[in-house]
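Given next are the chains, with one letter for each unit.
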Amino acid sequence: MITLQTFFQEARAGRLTGIRCRQCSELAIPPKEFCPSCHQRAWEAVPLAGHGTIASFTVIRVAPRGRTAEAPYAVAVVKLAEGVSLLGRVIDIPFDSLRIGLPVRFRPLLTADRTVVGFGPA
Amino acid sequence: MRRVGVIGVGVTPFGKHERSSAELFAEAAAEALDDAGLAPTAIQAIYFGNVVGGPAERQLHMGPQAASILGLPWVPTTRFETACATSHAAFRHAVMEVASGTSDVVLVGGAERVLDIPTETATELFAYASDAAFEQPAGLTVPGVFALIARAHMAKYGTTEEQMAHVAVKNHRHGALNPKAQFRKEITLEQVLASPRIADPLKLYDCCPFTDGGAAVLLASEEAARRSRRPVWVLASAAASDAMCLHDKKDLTRALATERAAQTAYRQAGLGPKDVDVVELHDCFTIAEIVATEGLGLFEPGTGGTAAEKGWTSLGGKLPVNPSGGLKAKGHPIGATGAAQIAEIVTQLRGEAGPRQVEGARIGLAHTLGGNTATVLVSLFGLE
């Protein structure tokens, strides 16, 4: 079973992990207890390559408390090559070159106590 | 199940207040009791909505606090939280309490108080309604959620920033007619388009404000309602959900929970979108109104922007949406919003909305959305 904790431990080491239903082959981002498609409980961990394209993006200019020094920054929903989507912070891509369909690659964003999903240039 | 009527509504002015959420709810409740011509002792249960009172006011357990302020400390109370859909979720449960025969008169509503905390703190607290593992750490804000939806809608349907701006202009025009609205001034398309960027492509005037306020609705069984001045009947009250995380949603351009809740509500009432005369829907951002009009079946998918641009959703248009000014101009005290929308629909159906009255309205719809479009409530109301 892939929990949030194990997902982010793996992500910290640069490895992205999805879960695939052995019953119906549905691919999902953890954590999920039952398959939302066939409702079985037969997940197996599968590595995700981390390649994808931007499905939508925004540049956040008014940030929450604790992140105001980071603003402006971009956040995107990325459609991964395996077919599942993942939301994360966009890193090292100029705002004016962001567009839907732009290829990007998973890159974890690390702080001392936190791992954030990030996407940088492909 | 018994038929349920709305017999009284009350809404505080929306804007900045110096009172606590529980006080604001009690003020709205007093107005609802006055409207219904009932004494407080008629209330047999209280369903109360509040979202960020824990961190914002250091106050949990606001239900009994509100009951105590109302002088009814013995009345059972329950607090609800479904992000911005909070008091509409409370409403649905209150309807079930009356419909089931458990109580004859129930008070439902909510309140929120956030204008005394800094914007970046309120932005953080509201973002708690997004996922704490994936979305908050990425720095996603609530405007950011709807910016991602807007960008996807623009790419799929050609929806424009000008069309979104038309929603803001229209709702401000309506809000100027509402004495309880937070913003009672009209704005221009140019002002919206030139306003500071919040989360691209959304600008300041695409966003509803932070608001303090309370709203209350009194429900009664059919027998009790028939003794009241002018009951408005609850024809349906439906809830639906969708995946919590944006990345788990099948289509960013659609609010599946809105579609599901609307289908259930229409089925319960034996009505369809064409029967609706007036709509109060969740325009937390201009794009949210466009997506909601499509999800409720009022306009075809992809044409919500056109509907705003052509004036179809204006007062005097083919289907007026948000005659109160909506969340955009009336304001959005998140725990009170659903009950305030319902109060507006009831006022409209009674023909008591003054200069913002939708002439001849007989069927009204209220739609409230919570979080990343993960919770939606849709209720339908009608006259005899």
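Residues numbered from 1 in each chain as written. Chains lettered and ligands numbered in written order. Predicted model: local features only at pLDDT ≥ 70, side-chain atom pairs only at ≥ 80, totals over all residues. Heavy atoms only, no water.

### With respect to the overall build of chain B
When helices and strands are tallied, chain B shows 14 helices and 11 strands. Against the compact-globule benchmark of 21 Å for 384 residues, chain B has a radius of gyration of 19 Å, which places it among compact chains. Reported as C-alpha extents along the three principal axes, the dimensions of chain B are approximately 55 × 45 × 40 Å. A total of 384 residues make up chain B; the buried ones form 67% of that total. In chain B, the proportion of contacts linking residues at least 24 apart, taken out of those at least 6 apart, comes to 76%. Working note: accessible area of chain B is about 12700 Å², and carbon and sulfur atoms make up 52% of it. Distance between charge centres in chain B, computed from 34 positive and 41 negative side chains, equals 3 Å. (Helix = DSSP H or I, 4+ residues; strand = E, 2+ residues; numbered from the N terminus. Rg over C-alpha atoms; globule rule 2.2 N^0.38 Å. Buried < 20%, exposed > 50% of the residue type's maximum accessible area, 1.4 Å probe, protein only. Contact = heavy atoms within 4.5 Å. Areas by Shrake-Rupley, 256 points an atom, 1.4 Å probe, with all protein chains shown as cover. Lys, Arg positive; Asp, Glu negative; His and termini not counted. Charge placed at Lys NZ, Arg CZ, Asp CG, Glu CD.)

### Some remarks on the sheet that holds strand E3 (residues 43-48) of chain A
Two orientations exist for strands paired in a sheet by backbone hydrogen bonds: parallel and antiparallel. Taken in spatial order, the three strands line up as E2-E1-E3 (chain A) in an open sheet, and their pairing is antiparallel. Edge strands, defined here as strands with exactly one partner in the open sheet, are strand E2 (27-28) and E3 of chain A. (Pairing = 2+ DSSP bridges.)

### Topic: the interface of chain A and chain B
Counting residues at the interface gives 32 residues for chain A and 29 residues for chain B. For the pair chain A and chain B, the two sides together bury roughly 2600 Å², of which 63% comes from carbon and sulfur. On the chain A side of the contact with chain B, Arg61(A), Arg65(A) and Leu87(A) bury the most area, a combined 24% of that side's loss. The closest approach of N and O atoms between Lys32(A) and Asp248(B), which form a salt bridge, is 2.9 Å. Seen at the junction of chain A and chain B, the total is 14 residue pairs in polar contact (both at pLDDT 80 or more). For the side of chain A that touches chain B, the secondary structure elements donating two or more residues are helix H1 (4-12), strand E4 (51-60), strand E5 (73-80), strand E6 (85-90) and strand E9 (114-116) of chain A. (Buried area = accessible area lost by both parts, 1.4 Å probe. Salt bridge = Lys/Arg side-chain N within 4 Å of Asp/Glu carboxyl O. Polar contact = N/O pair within 3.5 Å; in protein donor to acceptor, adjacent residues only side chain to side chain.)

### With respect to the confidence of the model for chain B
Per-residue pLDDT for chain B averages 97, and the proportion of residues at 70 or more is 100%. For this predicted complex, the interface confidence comes out at an ipTM of 0.97, alongside a pTM of 0.98. (pLDDT = per-residue confidence, 0-100.)

### Here's the deal with the packing of helix H7 (residues 161-175) of chain B against helix H11 (residues 286-295) of chain B
Residues and elements named next belong to chain B. Viewed as axis vectors pointing N to C, H7 and H11 meet at an angle of 95 degrees, and their least axial separation amounts to 8 Å. One element, H7, and the other, H11, form an angle in the roughly perpendicular class. Touching Gln-163, Met-164, Val-167, Ala-168, Lys-170 and Asn-171 of H7 are Thr-286, Ile-287, Glu-289 and Ile-290, all from H11. Here the residues of the contact of H7 with H11 sort into five nonpolar, three polar and two charged. (Axes fitted to C-alpha atoms, helices over the stretch in contact; angles between N-to-C directions. Parallel < 35°, antiparallel > 145°, perpendicular 65-115°, else oblique. Nonpolar A, V, L, I, M, F, W, Y, C, P; charged D, E, K, R; others polar.)

### Topic: the sheet that holds strand E11 (residues 375-382) of chain B
Residues and elements named next belong to chain B. Reading across from one edge, E3-E2-E4-E7-E1-E8-E11-E10-E9 is the order of the nine strands in this open sheet, with mixed pairing throughout. Every interior strand has two partners, whereas the edge strands, strand E3 (77-80) and strand E9 (278-280), have only one. On average, adjacent strands in this sheet sit at an angle of 25 degrees to one another, irrespective of strand direction. Direction of pairing for strand E1 (residues 4-11) relative to strand E8 (residues 232-241): antiparallel, over a ladder of two bridges. Within E8, the position partnered with Val-6 by the bridge is Val-232. The strands touched by helix H4 (residues 86-99) are E1, strand E2 (45-49), E3, strand E4 (105-112), strand E7 (213-221), E8, strand E10 (363-370) and E11; relative to E4, the strand with the most contacts, the crossing angle is about 170 degrees.

### Observations concerning the nonpolar core
Residue and element names in this part refer to chain B. By size, the foremost hydrophobic cluster in this structure holds 59 residues, and its most contacted members are Phe-146, Val-279, Ile-287 and Leu-296. If one sorts the elements of this core by residue count, helix H6 (residues 142-157) sits on top with eight residues. Non-local contacts of Ile-287, meaning those with residues more than four positions away in its chain, are made with Phe-146, Ile-149, Ala-150, His-153, Met-164 and Leu-202. Membership of the second largest hydrophobic core comes to 35 residues, among which are Val-106, Val-234, Ala-339 and Ala-361. (Core = buried A, V, L, I, M, F, W, Y, C linked by side-chain atoms within 4.5 Å.)

### Some details on helix H5 (residues 119-127) of chain B
All names here are of chain B. In terms of burial, H5 is a largely internal element, seven of the nine residues being buried. Taken residue by residue, H5 has Thr-121, Ala-122, Thr-123, Glu-124, Leu-125, Phe-126 and Ala-127 as its buried positions. Buried residues in H5 make contact with helix H2 (53-57) and H6.

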